[in-house]
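If you want the building blocks of each chain, they are given just below.
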Amino acid sequence: MQPADVAIIGAGASGTAIFSELVHSFQIERLDRLSIVIIDRDLRRGHGRVYGPDHPWLLMNTPAHALSIRSWDGADFMRWLLARGGHRGEEPVEHAHVSRALYGEYLRERFHDLLDSPPPGLEVEVVDDWVERLTPHESGSRLRLSSGRALEARKTVLATGPNRPEDVYGLTGTPGYVEHPYPASARLRGIPRDSPVVILGSSLSAVDVALTLHHTGHRAPVHMVSRRGLLPEVKAEYTVQQEIYNEASGADGENAGKPASLESALAVFQRFLSSHRNTAESNQGDPVQQFAESVRQAKHPTDGNFAQRYSAHLGMDQVWPQLDEEELLAFMRTQYAPLLHKNAAIPLINARKLLALLRADRLRVHGGLHTIRPGEEGGFRLSFRGGADLTVDHVINAMGPSKYLVSPGSRNLYAHLLHEGQLRELPTGGARVTFPGGNLLDRDGRPVPALHAVGHPTSGSHPYINNIELIVSNSAHVARQICADLMRSRTVARNNT
């Protein structure tokens, strides 16, 4: 069996990004040949689970100028959008927030462009299957598929995307419980319009659920509940400020060329995160009033603070893989929640809709959630700190993707790799990888030459889930490393013959 040069596990946004970057690197590096096998279910190719067909009001939280799947052509998505007639708003196309379904069409089209018109020397096979087991060895990896087929690959890239939300309250299988909300057009269809509903969570996915219930004519009370009761930030128009990005990532200034450290990155970051330290104190008041203020600030930005903070946030992504584990865990324990809240912002168009629902009392927000239990006669009973309770007919889990790769008792691909010592999951979620090559680190902290990862499987990725800019940027680094490794191994093989 002739091994493929590269196996990509997953054909969603991350898989499409690494596929696109590998083809580009193959052409730039002038490799004579490259064979790629991509493994995922046919119905998910290109768009994956996140960007599949769904309601048109479910929007990308990232504006169009940051959505190109090609690192070398930042305007690709905007051109595609204009050519498709997909932008009809008054704002410039670069600030448009398109539907996730439309973005999925773009991903799928770019995926199939590469399949339909491969450059000379590129061979691609797409396999409609799941990988059950992955076994690295000295010259690559062996992949066992659910169909029983076995494949060999010199390099394997894990691009499996985000997981479903965790079932924190043990409600799976209970009538009236929706374990995850996507696609909303199918998952939320059976909820009666007159049934009281709880949305579990109050961030991005929870906003999608609230808007879907509104658009589909839900009439009964809708409650958005969480432990902290915080509504998301609202995203002002922005463009990345390159000098701040470079400073935060260590690519500029006095730290240029030096190994990144938590201290050097936070020295930049603290200028834009002073509000993070005060999140707990500043969010004790009325969440509706606070959200209304966020909407006002996004409508009339004056100081560019969001652009500054977001640019530093992107730069920090280059720092995570270079930190020692103690630093990373310390940061995640103390800063993760406010960091995620500040940067998981929703577009202004959705924020206005949400604010209207809140002011009309069509949506209520509750913090201090303690327990959720099925009722003796159906439905659910929720209890809150301070003694309040609430009874509803349906609970929709919109807490967002789990940050963990392996849940207790799991037998998935990552569970096998964990058991065999080929990765070690951090307490905060994700497996550690090298930077910039994206090699997985084994339980002893050594890079596994045959295994790379992009997107959600990488350590610290949970603040950046579905951030296309970072997925594409990291995929470009990984693709260059893979092509350089293949070139080097072929040179050695030729010299030994």
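Okay, so let's go over this structure. All figures in this text were calculated on a predicted structure; none of them were measured in a lab.

A word on the overall build of the protein. Looking only at helices and strands, the protein features 15 helices and 18 strands. A buried classification covers 55% of the 497 residues belonging to the protein. For the protein, the proportion of contacts with a sequence separation of at least 24, taken over those separated by at least 6, is 75%. By element, 49% of the accessible surface of the protein is carried by carbon and sulfur atoms, the whole surface being about 22,000 Å².

Below, the discussion takes up helix α2 (residues 76-83). Each full turn of the α-helix corresponds to 3.6 residues, which orients residues three or four apart in the same direction. Taken residue by residue, α2 has D76, F77, M78, W80 and L81 as its buried positions. Contact partners of the buried residues in α2: α3 (100-116). Just beyond α2, the residue with positive phi is G85, at close to 70°.

Following the sequence through the fold, H180 ends up in the loop between β7 (177-178) and α4 (184-187). A polar atom in the side chain of H180 sits 3.0 Å from the backbone oxygen of Y182. Leave out the neighbours within four places in its chain, and H180 touches R164, P165, R187 and N397.

Our next topic: the pattern of salt bridges. The full count for this structure, using the stated rule, is 27 salt bridges. The partner of D5 in a salt bridge is R154, with the nearest N and O atoms 2.9 Å apart. Residue D5 is located in strand β1 (residues 4-9), and its partner R154 is located in strand β6 (residues 150-158); the two are separated by 149 residues in the primary sequence. With relative accessibility at 4%, the residue D5 sits in the buried group. Judged by relative accessible area, R154 falls into the partly exposed class, the value being 30%. Here E152 makes a salt bridge to R142, at a shortest N to O gap of 2.8 Å.

With that settled, the discussion passes to a negative patch on the surface. Side chains of E90, E91, E94 and E237 sit close together on the surface and give a patch of like negative charge. Among the residues examined, E91 registers a relative accessible area of 31% and is labelled partly exposed.

With parallel pairing, the five strands of this open sheet are ordered in space as β7-β16-β8-β9-β12. Looking at which strands have only one partner, the edges of the open sheet turn out to be β7 and β12 (363-366).

Counting residues in each nonpolar core, the largest one holds 43 residues, and the members touching the most others are I199, F291, L354 and L363. Sequence-distant contacts of L354, that is, excluding residues within four places in its chain, are made with V207, A210, L211, L231, F291, I346 and L363. Counting 26 residues, the second largest nonpolar core, distinct from the first, contains A4, L143, V406 and V433.

Under the definition given, this model contains seven aromatic pairs. Aromatic side chains F77 and W80 sit 5.8 Å apart centroid to centroid with 20° between the ring planes, which places their arrangement in the stacked category. With F77 and W80 both in helix α2 and three residues apart, this pair spans about one turn of that helix. No difference in accessibility class separates F77 from W80, as the two residues are buried. Arranged with centres 5.3 Å apart and planes meeting at 75°, the rings of F77 and Y103 form a pair that is edge-to-face. Of this pair, F77 sits in helix α2 while Y103 sits in helix α3; the two residues are 26 residues apart in sequence, bridging distant segments of the chain. You'll find F77 and Y103 in the same group, each marked buried. By the ring-pair criterion, three or more aromatic residues cluster together here, those being Y51, F77, W80, Y103 and Y106.

All right, on to the side chain of D442 then. Relative to the helices and strands, D442 resides in the loop between β17 (439-441) and β18 (447-453). You can call D442 buried: its relative accessible area is 11%. Within polar-contact distance, the side chain of D442 engages the backbone nitrogen of D444 at 2.9 Å. Sequence-distant contacts of D442, defined by excluding residues within four places in its chain, comprise G421, Q422, L423 and V448.

Moving on, we come to the packing of helix α1 (residues 13-28) against helix α15 (residues 468-495). Here α1 crosses α15 at 40°, and the two axes come no closer than 8 Å. Judged on the interaxial angle alone, α15 and α1 are oblique. With respect to the hand of their crossing, α1 and α15 are arranged in right-handed fashion. On the side of α1, the interface is formed by A13, S14, A17, I18, E21, L22, S25 and F26, while α15 contributes I468, I471, V472, S475, A476, V478, A479, R480, I482 and C483. Partitioned by chemical class, the residues of the contact of α1 with α15 number 13 nonpolar, three polar and two charged.

Turning our attention to the environment of L151. In this fold, L151 is placed in strand β6. For the pair formed by L151 and A4, sequence separation is 147 residues and the distance between their alpha carbons is 8.0 Å.

All right, on to the packing of helix α10 (residues 287-299) against helix α13 (residues 348-359) then. One can describe the packing of α10 onto α13 by two numbers: an axis separation of 10 Å at closest approach and a directional angle of 150°. When the axis of α10 is compared with that of α13, the two are roughly antiparallel. For the pair α10 and α13, the sense of crossing is left-handed. Where α10 abuts α13, its residues V288, F291, A292, V295, A298 and K299 lie against L348, A351, R352, L354, L355, L358 and R359. Split into classes, the residues belonging to the contact of α10 with α13 amount to 10 nonpolar, no polar and three charged.

Criteria and cut-off values
- Each chain has its residues counted from 1, following the order in which its sequence is written.
- The model is predicted, so local features are restricted to residues of pLDDT at least 70 and side-chain atom pairs to those at 80 or more, both for listing and for counting; the totals for chains, interfaces and linings are taken over all residues.
- For side-chain calculations, the full set of non-hydrogen atoms in the structure is used, while hydrogens and water are omitted.
- We count a stretch as a helix when DSSP gives it H or I for four or more residues in a row; a strand needs E for two or more, and each element gets its number in order from the N terminus.
- Burial status follows relative accessibility: with a 1.4 Å probe on protein chains alone, a residue under 20% of its type maximum counts as buried, one over 50% as exposed, and anything between as partly exposed.
- Contacts are residue-level and defined by heavy atoms, with any inter-residue pair within 4.5 Å sufficient.
- For the accessible areas, the method is Shrake-Rupley and the probe is 1.4 Å, while residue cover comes only from the protein chains on display.
- Polar contacts, as counted here, are pairs of nitrogen or oxygen atoms within 3.5 Å of one another; within protein the pair requires one atom able to donate a hydrogen and one able to accept it, and residues that are adjacent in sequence qualify only if both atoms are side-chain atoms.
- Put simply, a salt bridge is a Lys or Arg side-chain nitrogen that is within 4 Å of an Asp or Glu carboxyl oxygen.
- Residues qualify for a patch when their relative accessible area is over 30% and they have no salt bridge, like charges being joined within 9 Å and the nonpolar side chains of Val, Leu, Ile, Met, Phe, Trp and Tyr within 5 Å.
- Neither His nor the chain ends contribute to the count of charged residues, in which Lys and Arg are positive and Asp and Glu negative.
- Here the site of a charge means atom NZ of a Lys, CZ of an Arg, CG of an Asp or CD of a Glu.
- Note on pairing: DSSP must find at least two bridges between two strands before they are called paired.
- Nonpolar cores were defined as sets of buried Ala, Val, Leu, Ile, Met, Phe, Trp, Tyr and Cys residues, with membership established by side-chain atoms within 4.5 Å.
- Pairing of aromatic rings covers Phe, Tyr and Trp, the last counted by its six-membered ring, and requires centre-to-centre distances within 6.5 Å; plane angles under 30 degrees mean stacked, over 60 mean edge-to-face, and any other angle means tilted.
- Every axis corresponds to a line fitted to the C-alpha atoms, with the helix fit spanning only the stretch in contact, and the corresponding angles, defined between N-to-C directions, vary from 0 to 180 degrees.
- Any angle that is under 35 degrees is reported as roughly parallel, and any over 145 degrees as roughly antiparallel; angles of 65 to 115 degrees are reported as roughly perpendicular and all others as oblique.
- Left-handed describes a crossing in which the near helix is turned anticlockwise from the far one by less than a right angle; the clockwise case is right-handed.
- Residues are sorted three ways: Asp, Glu, Lys and Arg are charged, Ala, Val, Leu, Ile, Met, Phe, Trp, Tyr, Cys and Pro are nonpolar, and all the rest, Gly among them, are polar.

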